[in-house]
Amino acid sequence: MSVLRRLGLGGSLGLAVILTFALLAVAAPLLAPYPGQGMGDPNVTAKLTPPSAEFWLGTDHLGRDLLSRVIYGTRVSMSAGLMIVAVSLLVGLPVGLLAGYFGGWVDEALMRVTDVFLAFPALLLAVLMAAALGPGLLNSIVAVSVTWWPWYARMARAEVLVLRGQPYVEAARLMGVSHPRILIRHILPGAARPLLVQAALDFGPALLTASALSFLGLGVLPPTADWGKMVDEGRKFFPDRWWVSTAPGVAIFLLALAFSVLGDALRGREGGKRDDPS
Amino acid sequence: MDLARYILRRALLSAFVVMGVTFLVFVVAQVVPSDPAALYAGPRPNAEQIEKARVTLNLDAPLPERFARFAVSMATGDFGVSYKSRRLISQDLRVYLPATLELAVSSTLLALLIGIPAGVATAARQGSWGDRLGSLGSILAVAMPTFFFAMLLQMIFASWLGILPLSGRLSREISISDPLPFITGFNLIDAMLAGRPQVFVDALWHLILPALTLAAYPAGIAMRLTRSAMIDILSRRHITAARALGLPERRILYGHALRNAVGPALTMIGLSFAFALTGSVLVEIIFAWPGLGRYVSDSILSKDFPVIAAATLVVTVCYVLMNLVIDLTQAVVDPRVALK
């Protein structure tokens, strides 16, 4: 497998972990030992039991099997990470394209707006947004995306500034090709590629931010399983009943780690060829 | 000349950003929520109370007027009253802001003290076991969710080993029976000013775990940045020349090479300060640290928007000023920055 060889050991392991979690998310009802509890059914006869043969990761304060909860929680975490990055791209990419392509006052106006959003410590703005919108998965995704898109806008702008001066773009202009057509047909493909790579690298951080919001009670509504929220629920019993917070905490850590390692492997391959700096 | 123009432009930009931030906070905190008057009027209000609150909060005025009033009161330090506690927010901030800044400054220092030497050391011995271990550490630190790391540290150092306090800013014997006078609000400084070394040690002891939690991520980033900057610099010709002259390796590393990595180091200060301010929301509730972060997180469920807005605004302005100072320092240290 040439892909795996190029990713190296770390990158391949990261990819394997991500694929495993993706499988868990898709096939949760088949793979969870107690699908009902995974979706939220209480099981009051087995409250806070430590890990055992019956409940591999123990149970929470409502007696629900933590393994099943963690497996179902994968769905929320994965989709939150994906959605945050996708929504941010959908906003940031056009803003960056327009700013970079037209320059002048358009550029100035759009970039100053971007500056304002970037001025906030990200999580604080997300908390304020999420509190205003109310809890819920969709709202928390919107809240994080509000802090996320400016980075893509900046990146896209920088890419466009390079592409705009390319001879083929100038040639298109001289031939009388319209602005929208040049932007979409000739600049977007070149500008989008590095952004897509960056977006893939941002999955881990996006996941961490989303789980932080849900830890603060601004994520999904109960009884849906979500890792950040589960860590918070277990805080009341920590550290005596350490497993309640540990199971979801380790899950967040593992998935974020896998994305980060895979990202490093991808980036390392790109940055491999560098000219002599002196 | 160029430097003066750069400073002016950068300062104007910061002023504009502060205005923009104020506007954004105003919109999110006052326009997006469905009915601030009902929240202000307290639990289960009747129509009359809501109407009264609407007048008090000036919600019927046109939006530009409301924003103007909001901006003026924020600028004059009048942050209004908390919906929940009915206390003046400005009074609460006076106590909570120093607590958070104390934590943020300590964790930033800690992150740099760990990250930069680790980056230099690993760059000097590329490919060694130490280098691999360091890289592994930085990867783990970056992927660790802050709130879970805080709990793990609590479990290990407070519950199991019992060598560090579980939570709080000071031991109860001090904070209740013999409290520090409020001078600056920074416990470490106040303890010194009051001439009480035991209190200083106690405050430092309580600071370690939360500061370490907040330092993990920026230390990991700082290590990576320093390492790659150092590797880049170590391959340049003046370093080869220094080696050829037979200068001691330590002097080459810390004297000649690291000096060129000062730019990235300044950027890292901003980065880890921002991370500490952001992370305080998560870390302060876990360590029962009476600062802005806990103030905010306690206000989320009660939808206490004036508190969240004021805290967000104050912290963001701190952050903008910090970045301004960093950029200006960078321009003075390395005049090439101003020319870009």
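Residues numbered from 1 in each chain as written. Chains lettered and ligands numbered in written order. Predicted model: local features only at pLDDT ≥ 70, side-chain atom pairs only at ≥ 80, totals over all residues. Heavy atoms only, no water.

**Student:** I keep staring at the overall build of chain A and nothing clicks. Help me out?
**Tutor:** Per the secondary structure count, chain A includes twelve helices and zero strands. Listing every helix and strand of chain A by position from the N terminus yields α-α-α-α-α-α-α-α-α-α-α-α. Principal-axis analysis of the C-alpha atoms gives chain A an extent of 75 × 50 × 40 Å. Every one of the 278 residues in chain A was classed for burial, and the buried ones make up 53%. In chain A, once contacts between residues fewer than 6 apart in sequence are set aside, the share between residues at least 24 apart is 71%. Accessible surface computed for chain A: about 12,600 Å², of which carbon and sulfur atoms make up 67%. Each charge sign in chain A was given a centre, from 22 positive and 18 negative side chains, and these centres are 5 Å apart. (Helix = DSSP H or I, 4+ residues; strand = E, 2+ residues; numbered from the N terminus. Buried < 20%, exposed > 50% of the residue type's maximum accessible area, 1.4 Å probe, protein only. Contact = heavy atoms within 4.5 Å. Areas by Shrake-Rupley, 256 points an atom, 1.4 Å probe, with all protein chains shown as cover. Lys, Arg positive; Asp, Glu negative; His and termini not counted. Charge placed at Lys NZ, Arg CZ, Asp CG, Glu CD.)

**Student:** Any chance you could explain the overall build of chain B here in plain terms?
**Tutor:** Assigned secondary structure in chain B consists of 16 helices and zero strands. Projecting the C-alpha coordinates of chain B onto the three principal axes gives extents of approximately 85 × 55 × 40 Å. Relative to all contacts within chain B whose residues are 6 or more apart in sequence, the contacts with residues 24 or more apart total 70%. Surface accessibility of chain B: about 16,700 Å² in total, with carbon and sulfur atoms responsible for 65%. Averaging the coordinates of the 29 positive side-chain charges in chain B and doing the same for the 21 negative ones gives two points 9 Å apart.

**Student:** Just to check I follow, could you spell out the interface of chain B and chain A for this structure?
**Tutor:** Where interface size is given, it is often the accessible area lost as the parts come together that is meant. Counting residues at the interface gives 47 residues for chain B and 46 residues for chain A. Of the roughly 4,000 Å² buried at the junction of chain B and chain A (both faces included), carbon and sulfur atoms supply 80%. If you sort the residues of chain B by the area they bury against chain A, F147, F148 and M151 of chain B come out on top, with a joint share of 15%. One can count one salt bridge joining chain B with chain A. Residues D264 of chain A and R224 of chain B are paired through a salt bridge, measuring 3.4 Å at the closest nitrogen-oxygen approach. Our enumeration of links across chain B and chain A arrives at one residue pair in polar contact (both at pLDDT 80 or more). Where the side of chain B that touches chain A is concerned, the elements lending two or more residues are α1 (2-31), α6 (129-143), α7 (146-160), α10 (197-234), α13 (262-286), α14 (292-300) and α15 (305-333) of chain B. Here the side of chain B that touches chain A takes ten residues from α1 of chain B, the largest share from any one element. Within the side of chain B that touches chain A, the residues separate by chemical class into 34 nonpolar, seven polar and six charged. (Buried area = accessible area lost by both parts, 1.4 Å probe. Salt bridge = Lys/Arg side-chain N within 4 Å of Asp/Glu carboxyl O. Polar contact = N/O pair within 3.5 Å; in protein donor to acceptor, adjacent residues only side chain to side chain. Nonpolar A, V, L, I, M, F, W, Y, C, P; charged D, E, K, R; others polar.)

**Student:** I would appreciate a short explanation of helix α12 (residues 249-260) of chain B in the present structure.
**Tutor:** For an α-helix, the turn length of 3.6 residues means that residues three or four places apart are oriented alike. All names here are of chain B. End to end, α12 covers 16 Å across twelve residues, agreeing with the expected 16 Å (1.5 Å per residue, within 8%). Those residues of α12 lying buried are I252, L253, A257 and L258. Down the axis, α12 shows its buried residues gathered within 135° of arc, on one side only. (Expected span 1.5 Å × (residues − 1). Arc of directions from axis to C-beta.)

**Student:** Help me out: how do you make sense of unusual backbone geometry in this one?
**Tutor:** What you tend to see is this: most non-glycine residues have negative phi, and most peptide bonds are trans. A cis amide bond links P222 of chain A to the next residue, P223 of chain A, at an omega of 10°. Mapped onto the elements of the fold, P223 of chain A is located in the loop between α10 (203-215) and α11 (227-235). Backbone geometry places A288 of chain B, a non-glycine residue, at a positive phi of 45°. Inspection of the secondary structure assignment puts A288 of chain B in the loop between α13 and α14.

**Student:** Help me understand helix α9 (residues 179-201) of chain A, please; the structure alone is not making it clear to me.
**Tutor:** Residues and elements named next belong to chain A. Taking 1.5 Å of rise per residue, the 23 residues of α9 would be expected to cover 33 Å, and the 31 Å separating its terminal C-alpha atoms lies within 8% of that figure. Within α9, the axis deviates most sharply at L188, by approximately 55°, and proline P189 lies no more than four positions further along. Listing the buried residues of α9 in full gives I182, L183, I187, A191, A192, L195, A199 and L201. (Bend = angle between axes of the 7 residues up to and from the residue.)

**Student:** Teacher, can you tell me more about the pattern of salt bridges here?
**Tutor:** Side chains that differ in charge, positive against negative, can pair when their charged atoms come close. All names here are of chain A. Going through the model one piece at a time under the given rule, you end up with 14 salt bridges over all chains. Taking the shortest distance from any N to any O, the salt bridge between R112 and E108 comes out at 2.6 Å. Of the two residues, R112 and E108 both sit in helix α5 (residues 104-119), four residues apart, roughly one turn of that helix. Judged by its relative accessible area of 39%, E108 is partly exposed.

**Student:** In this structure, what is going on with the nonpolar core? I would like to understand it.
**Tutor:** Generally speaking, nonpolar side chains in soluble globular proteins are found buried as a group. One finds L213 of chain A together with F147 of chain B to be the most contacted residues of the largest nonpolar core, which totals 141 residues. It is helix α12 (residues 243-270) of chain A that contributes the most residues to this core, 14 residues altogether. Other than its neighbours up to four places away in sequence, L213 of chain A contacts L123, A126, V127, A130, S140, A143, V144, L218 and G219 of chain A. Grouped together as the second largest cluster of nonpolar side chains are 18 residues, A229, I233, L234 and L253 of chain B included. (Core = buried A, V, L, I, M, F, W, Y, C linked by side-chain atoms within 4.5 Å.)

**Student:** Quick question: what am I supposed to make of the packing of helix α4 (residues 66-102) of chain A against α10 of chain A here?
**Tutor:** Helix packing for two helices is described by the angle between their axes and how far apart those axes are. Residue and element names in this part refer to chain A. Here α4 crosses α10 at 115°, and the two axes come no closer than 8 Å. Accordingly, the angle class assigned to the pair α4 and α10 is roughly perpendicular. Like other packed secondary-structure pairs, α4 and α10 cross with a definite hand, here right-handed. Touching S77, M78, A80, G81, L82, I84 and V85 of α4 are F203, A206, L207 and A210, all from α10. Tallied by class, the residues present in the contact of α4 with α10 amount to nine nonpolar, two polar and no charged. (Axes fitted to C-alpha atoms, helices over the stretch in contact; angles between N-to-C directions. Parallel < 35°, antiparallel > 145°, perpendicular 65-115°, else oblique. Left-handed = near helix turned anticlockwise from the far one by under 90°.)

**Student:** What is the right way to read the side chain of T114 of chain A from this model?
**Tutor:** Residues and elements named next belong to chain A. You can see T114 is positioned in helix α5. A relative accessible area of 0% places T114 in the buried class. Apart from the residues lying within four places of it in its own chain, the contact partners of T114 are V95, W149, P150, A153 and R154.

**Student:** Explain the packing of aromatic side chains here, please?
**Tutor:** Residue and element names in this part refer to chain A. As enumerated under the stated definition, the model contains twelve aromatic pairs over all chains in all. Ring geometry for F203 against F259: centres 4.9 Å apart, planes inclined by 35°, an arrangement best described as tilted. Of this pair, F203 sits in helix α10 while F259 sits in helix α12, placing them 56 residues apart in sequence. Summarising the burial analysis for this pair, F203 and F259 share the class buried. (Phe/Tyr/Trp six-rings, centres within 6.5 Å; stacked < 30°, edge-to-face > 60°.)

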